[in-house]
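The chain contents come next:
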Amino acid sequence: MTDGPRLEGPLPPAALDDPHLTPYAKHPERAQAVAAIAMVVGFLAFIAFGVAYWVDASTQWEAATLGVGLLFLGFGVTAWGKYLMPQGPFVEERHAFHSTEAEREAMTAAITERGGMVVKRRKLLGGLFLLGSTAMGLVLMFPLIRSLGPKPGETLFVTNWKKGSKLVTIDGREVSADDLEVGGVLTVFPKGFTGSSPDQVILLRLSQTLQPLTPPGRTDWGVLGYVAYSKMCTHLGCPVGLYQEQTQQLVCPCHQSIFDVAAGAIPQFGPAPRPLPQLPITVDATGILVAQGGFNQPVGPGFWERS
Amino acid sequence: MRSLLKARYAAPAALVGGMGIVGLLAFSPGMAPADASPTTTSPPLTATTATTTPIGHRATPSVSSVLANRTPSNQTGIYNVELPAALIAPGQALFAANCSSCHGPEALGTVRAPNLQGLGAGTVDFWVSTGRMPLANSSVQATRKPPRFNRLQTLEIAAWVQSLTPGLGVPVPLVNTNGADLESGGTLFTLNCAACHTITGAGDALMDGAYAPSLHLATPTQVVEAIRSGPGNMPHFGPGNITDTETRDISAYVTGVLQHPANPGGVGLGGIGPVGEGFVGLLVGVGALMLVCFWIGDRT
Amino acid sequence: MIDKTIDKSLRWVDDRLGVAKGGRTFLDKIFPDHWSFMLGEIALYSFVVLLVTGVFLSLYYIPSAHEVVYHGSYIPLRGQKVSEAYASTVGLSFDVRSGLLMRQAHHWAADIFLGSIAVHMARVFFTGAFRKPREFNWIVGVTMLILGIVNGFLGYSLPDDLVSGTGIRIAYSIIESIPLVGSYIAFFLFGGNYPGNGLIIPRFFIIHVLIVPLVLIGLLAAHLGLLVKQKHTQFPGKGKTEHNVVGSPMFPTFMAKTTGFLFMVTAVLFLLGGFAQINPIWQFGQYEPYQISYAVQPDWYMGWLDGALRIMPSWEWVGWGHTIPLEVFLPAVIFPGIIFNILIVWPFIESRYTKDLAYHNILDRPRDRPKRTGAGAAMLTLLGMTFFASSTDVLANFFQLPLKDVLWFFRIAVVVSPIIAYVVAYKICLEMRAAEGIGKRKRAVVIARSESGEYSTIETAPRPGDGSAELDAIPVPTFIDLVPPELATDEGVRRVMR
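The rules we used
Residues numbered from 1 in each chain as written. Chains lettered and ligands numbered in written order. Predicted model: local features only at pLDDT ≥ 70, side-chain atom pairs only at ≥ 80, totals over all residues. Helix = DSSP H or I, 4+ residues; strand = E, 2+ residues; numbered from the N terminus. Rg over C-alpha atoms; globule rule 2.2 N^0.38 Å. Contact = placed C-beta atoms within 7 Å. Buried ≥ 20, exposed ≤ 12 C-beta atoms within 10 Å, placed from the backbone. Domains from an automatic or database assignment. Pairing = 2+ DSSP bridges. Nonpolar A, V, L, I, M, F, W, Y, C, P; charged D, E, K, R; others polar. Axes fitted to C-alpha atoms, helices over the stretch in contact; angles between N-to-C directions. Left-handed = near helix turned anticlockwise from the far one by under 90°. pLDDT = per-residue confidence, 0-100. Parallel < 35°, antiparallel > 145°, perpendicular 65-115°, else oblique. Core = buried A, V, L, I, M, F, W, Y, C linked by C-beta atoms within 7 Å. Expected span 1.5 Å × (residues − 1).

Counting its regular elements, chain A contains four helices and 12 strands. The C-alpha radius of gyration of chain A comes to 38 Å, more than 25% above the 19 Å expected for a compact globule of 307 residues. The C-alpha extent of chain A, read off along each of the three principal axes, is 105 × 75 × 45 Å. Partitioning the contacts of chain A with sequence separation of at least 6, the portion at a separation of at least 24 is 55%.

See the structure below:
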């Protein structure tokens, strides 16, 4: 790495026969011929694109003609520049662009001295202007931010599941107790709220021999092998739709958290921190599955206000 | 121009080109041109399921005669076949020769294999016609491979297993995908199947070495049999969950749309989403342009 | 005739704007010719393609979550209730002539825009081009990278399809995870609990087509303006010093090459856009918050965040009536925050560490700065590992490995491999510097055998340009001023005094 001396005075211009003006190509006529052919191909390809467009040809024809046109025309121009134009090398001087010391001092002085002259004498005005501008800046943030949407309030803590809510499919069909076989899985919503994201529940029917694995106090939260959990993953809210039936595991397809369905959807692996909230369900007099109440905790991912 | 052919470009060009081609090949399993244009997608007919020729020297009913005159119901598109009794005896012989060593002579199961009684002819048909049975390697999940038996033999084995517990389990369905509601099939597929099999049916890994297989080789019959019988880690979807018509629609969607995806944009890059796209974009796109930079600029 | 017209027009404009002097200086500008200085141009021209194709798309896309029934050409979707955003994007793909080409070219251009920024940034980093006086330009560049990533995410989320909608759900939860204000920001931005009141699509749209592109264009102008003012850096070599720039002139040589390159970049983007299908949203279906597909990842430039989210253990802090979901907050907020902050302040970290406050217009060979090269290699390895970690399930399926093993591999690799990369890169740099004759072309060595059987070598002459004269500055003409030989004087004609 050389620092090199600064050259004194301007450098001489190039005469017409200067080697720096000669093209890079050893056989310029050949290079020109190649570039010319490329540009002709490009020209024809653009015509072809026009035709392809008007006959509504497939995307591939449009791309091929347009792409070939651009590629060859571009290649021609680039080859012209690289092989046929003055190759140099040429030199340009770098000039220090920072100002002289005197200019810098004058600039600083302009700000400090003039500013000081004014502000130091009128401290009250300066302070008041600062106060006013700060207030303006702060309150202008209000419409920009607060008007965007509602406050969370209690919304994250409740769903539409209540005591007696009927379980329905996405089509609104009520789910009866013989609908699912053992090993079956179904996405359900509370009646009247189909498609509502926070209310999405995954209903599974397990073999009743898995009963002993149920967490204490929840033995009556399922019925006839049916258990229901919030379908929103407690990691980032993806629907946990992947049910591995032989191992009774719900796997979240997004980041592969695993939940043990027979044991209260406790996470066994992966980034999910909490079990899927369980919905207590039972069968009503007509054989339809209904909820015994809402969830006992907020559904979905964690947030600051969640205790 | 000639500089492009110089040896110093050969190595980087070969590297980028080779990796790009590898990437394109790896991510484009079926590089056959998309045959179905989107405006003329038509669901395939069920006749394609019964194409194998029967064993010539035996005077046994042919597949077509077995399944002839059993037209699928116009209502649901699914007709559950009752396999004729003539298939049972040859089925028992085949079972004894090929399956009983693991499943036991009465298909009640052993330490090596589960009990097949009560599962139904459709379940057996699924496992055997996809080639998963006879099992090649018992330490990993059974993989689809070329079936060992032809269609008639498969149905014979299925008939015999069904005869052990008549009326129980999943029957063999005849599926008529004509007139299926592809929109409904797609919606149902997305809600019930995409979480394991992916939205394009490409399949993906599950826990503990299991995997959800690709759906690109499934026949309409196999799709319906799988939905009803829930093989392996797949859940069981009975008629109370997904009706016969809905299974027909899903089957038509899988075999008509997923297996012949509309790829008007070019090479499909494997249908596994942005992974393949990023690979191609970086290697082929940025790589090719870097080669152009090599050509245009100095290399000193 | 043309000469006269140009002369008259130029005088007319110069009378009003005074552009002739600056214009001549600009046309004389010298650009160093090294190939690695063109990587930023790939990004620049991809951006141009993004703008042009983006204008086309914006004339057809409807930024609305309002539900309509699809009636277009794609049969499997007919009759389905979808959002106008989704329907209009499928319409662009099937029912607008050349619409699919523009859509795909736009998406490929975005991927390649960010890919070329990454390569360009790596070049700038490893050669130390960010040092004084170019720290501003580095910061502008990193800011453009961040804005590009954000805009890419917003852009591919606009079609409201199943794959990108999943990403929006994840983005909502990440915002929610911020302590104290997370739920408020999420509710404000989306208009309520997820999925919000439907305003998120139009908001994404306006940010994607107006706000971020305006800022990007401004930053781009600053980036290029700084480049013009401070002049480009150059590698050490024949005739190159800290006080000059050696290369080809702006007009005509560089302009020809760069215009041709613009065409070729556009060509590659349109060829990809027509032959390699990208984001086939009609196969994914409309997004519904209760539906999901397996094997979903974000676009490649967001992959490192998804990978970080996957490998993070499930640590959540709960106490005193509050929750901080660290398993989300750390990998998705803190981790990228740290990375981007390190990137932005790197020139100052380095100048403080090396105590080097001098101007630098000559670039480093990466091997001459082993610690910086090692640090860069470690950073790239870290980001590369988290990037690969975003496809754990696809890798497990492809290589037929258990999913848990693949995940544990990445958990360990993300910590260990950057350290290994640093050490390996450092050692390679030292080795390369120590190797005799490194960087010079191989010289033929003649081997002679004496009668007694002894071997000896006879050196041949060095190739031209390999000798010690390589670095001596030689006077070369400074600009093209075509003077016929008979008129050439010492002073020359039409020389501009600077």
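Following the structure, the description resumes.
Attention shifts here to the overall build of chain B. Of the regular secondary structure elements, chain B holds 11 helices and four strands. Classification of the 300 residues of chain B by burial places 51% in the buried group. Sequence-distant contacts, at least 24 apart, represent 74% of the contacts inside chain B between residues at least 6 apart.

This part covers the domain arrangement of chain A. Looking at chain A, the domain boundaries give domain 1 (19-84), domain 2 (101-146) and domain 3 (157-291). For domain 2 of chain A versus domain 3 of chain A, the separation of C-alpha centres amounts to 61 Å.

Residue and element names in this part refer to chain A. If you trace the five strands from one edge of the open sheet to the other, you get β2-β3-β4-β5-β10, paired in antiparallel fashion. Edge strands, defined here as strands with exactly one partner in the open sheet, are β2 (167-168) and β10 (278-279). Pairing of strand β4 (residues 201-205) with strand β5 (residues 226-230), which is carried by five bridges, proceeds in the antiparallel orientation. Within β5, the residue paired with V201 across the bridge is S230.

Listed by partner, the interface residues are 102 residues for chain C and 85 residues for chain A. With 16 residues, helix α10 (residues 250-275) of chain C is the largest single contributor of residues to the side of chain C that touches chain A. Of the residues that constitute the side of chain C that touches chain A, the class distribution is 53 nonpolar, 31 polar and 18 charged. Taken together, the four bridges between strand β1 (residues 90-93) of chain A and strand β4 (residues 244-249) of chain C define a ladder with antiparallel strand orientation. Along β4(C), the bridge assignment pairs E92(A) with V245(C).

A few words on the packing of helix α5 (residues 121-129) of chain B against helix α6 (residues 151-164) of chain B. Residue and element names in this part refer to chain B. Packing of α5 against α6 leaves a shortest axis separation of 8 Å and a crossing angle of 145°. Taken as a pair, α5 and α6 cross one another with a handedness that is right-handed. Contact with α5, carried on its side by A121, V124, D125, V128 and S129, involves T154, L155, I157, A158, A159, V161 and Q162 of α6 and no other residues of that element. For the contact of α5 with α6, the residue count by class is eight nonpolar, three polar and one charged.

The subject of this paragraph is the sheet that holds β4(C). Taken in spatial order, the three strands line up as β1(A)-β4(C)-β1(C) in an open sheet, and their pairing is antiparallel. Each end of this open sheet is capped by a strand with a single partner; those strands are β1 of chain A together with β1 (30-31) of chain C. The strands that α10(C) touches are β1 and β4 of chain C; relative to β4(C), the one it contacts most, it runs at about 70°.

As a further point, take the environment of T89(C). Tracing the backbone through its elements, the reader meets T89(C) in helix α4 (residues 84-94). Once residues within four sequence positions are removed from consideration, T89(C) is found in contact with Y61(C), P159(C) and I281(C).

We now examine the confidence of the model for chain A. For chain A, the average pLDDT comes to 90, and 93% of its residues sit at 70 or higher. Averaged pLDDT values over the elements of chain A bottom out at 78 in β1(A) and peak at 97 in strand β3 (residues 185-190) of chain A.

With 57 residues of chain B at the contact, the number on the chain C side is 61 residues. When contributions to the side of chain B that touches chain C are tallied by element, the ones reaching two or more residues are α7 (182-192), α8 (194-197), β3 (204-205), β4 (211-212), α10 (244-258) and α11 (274-296) of chain B. For the side of chain B that touches chain C, the leading source of residues is α11(B), giving 15 residues. Taken together, the residues of the side of chain B that touches chain C break down into 31 nonpolar, 20 polar and six charged.

Our next topic: the packing of helix α6 (residues 135-157) of chain C against helix α9 (residues 200-230) of chain C. All names here are of chain C. It is at 9 Å that the axes of α6 and α9 come closest, and there the two elements cross at 160°. Regarding the angle of α6 to α9, the classification is roughly antiparallel. By crossing handedness, the relation of α6 to α9 is classed as left-handed. For the pair formed by α6 and α9, the contact residues are F136, N137, V140, G141, T143, M144, L147, V150, N151, L154, G155 and S157 on the first element and F204, I207, H208, V212, V215, L216, L219, L220, A222, H223, L226 and L227 on the second. Looking at side-chain class alone, the contact of α6 with α9 contains 16 nonpolar, eight polar and no charged residues.

Attention shifts here to the nonpolar core. By size, the foremost hydrophobic cluster in this structure holds 267 residues, and its most contacted members are L203(A) and L269(C). For this core, the element with the most residues is helix α5 (residues 99-126) of chain C, which contributes 16 residues. Contact partners of L203(A), with chain neighbours within four places excluded, come to L167(A), V175(A), L186(A), V188(A), Y226(A) and A228(A). Core analysis: the second largest hydrophobic core is formed by seven residues, V91(A), I30(C), V245(C) and F254(C) among them.

This part takes up helix α7 (residues 162-176) of chain C. Along its 15 residues, α7(C) runs 21 Å from first to last C-alpha, staying within 8% of the 21 Å computed at 1.5 Å per residue. Counting buried positions over the 15 residues of α7(C) gives 15, a clear majority of the element.

Residue and element names in this part refer to chain C. Under the 1.5 Å per step criterion, the end-to-end length of helix α1 (residues 2-17) is 22 Å for 16 residues, consistent within 8% with the ideal 22 Å. Counting buried positions along α1 gives zero out of 16 residues, so the element sits mostly on the surface. In the segment just after α1, G18 is the residue with positive phi, at about 65°.

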